Amino acid sequence: MRLRFLLVILIVSSAAMAAGTVQSAQNQSMTSGQVTFASGGVGDDSLQRMEALSKDFNLKVIFALKAGNYVAEVAVVISDARGAKVLETVSEGPWFLAKLPPGKYQFSATYGGESVTRATTIPATGQRELIFRWDRAE
């Protein structure tokens, strides 16, 4: 009986630690090449953290369905004006932040097999905001 109780505690503790690891992976800045980025916004704490982080980034992107629901697990590809990929990743939440050198870019977002690409210019100062919406019903 005692062994079973300890086993249950071990399983619950492991699940809690795994959930904490997933949560801690969100909202942390990462760097790939010259691009620093962060993604998250799943849950109130994560959304507040992303809002606080956003001031340090010059690109803010929001992913949602046209019905208004936020979406996560969006494939992101950012290419420069010459068409060279500067970042390829997956956004863990509906908010995606990036710090890019000023210039012209193509931003491609893929959700549920549907890709949307937009041209954008990152200014020398300030922040550019993009919102991607999909028709797909969940």
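Residues numbered from 1 in each chain as written. Predicted model: local features only at pLDDT ≥ 70, side-chain atom pairs only at ≥ 80, totals over all residues. Heavy atoms only, no water.

K.L.:
How should I be thinking about the side chain of Thr120 in this particular structure?
P.N.:
Looking at the element boundaries, Thr120 is found in strand E8 (residues 114-122). Classification of Thr120 by relative accessible area gives buried; the value is 8%. Within the structure, the side chain of Thr120 is placed 3.4 Å from the side chain of Arg128, a separation counted as a polar contact. (Helix = DSSP H or I, 4+ residues; strand = E, 2+ residues; numbered from the N terminus. Buried < 20%, exposed > 50% of the residue type's maximum accessible area, 1.4 Å probe, protein only. Polar contact = N/O pair within 3.5 Å; in protein donor to acceptor, adjacent residues only side chain to side chain.)

K.L.:
Can you help me understand the pairing of strand E2 (residues 35-40) in this one?
P.N.:
Along any regular strand, the residues point their side chains to alternate faces of the sheet. Of all 6 residues in E2, 6 are buried, a share of seventy percent or more. In E2, alternate side chains face the same way, and those of Val35, Phe37 and Ser39 on one face and Thr36, Ala38 and Gly40 on the other are all buried. Across 3 bridges, the pairing between strand E1 (residues 30-32) and E2 is antiparallel. Bridge pairing in E2 links Ser32 to Val35. Hairpin connection between E1 and E2: a loop of 2 residues separates the two successive antiparallel strands, and Gly33 in this loop has a positive phi of roughly 65°. Pairing geometry for E2 and strand E6 (residues 95-99), over 5 bridges, is antiparallel. (Pairing = 2+ DSSP bridges.)

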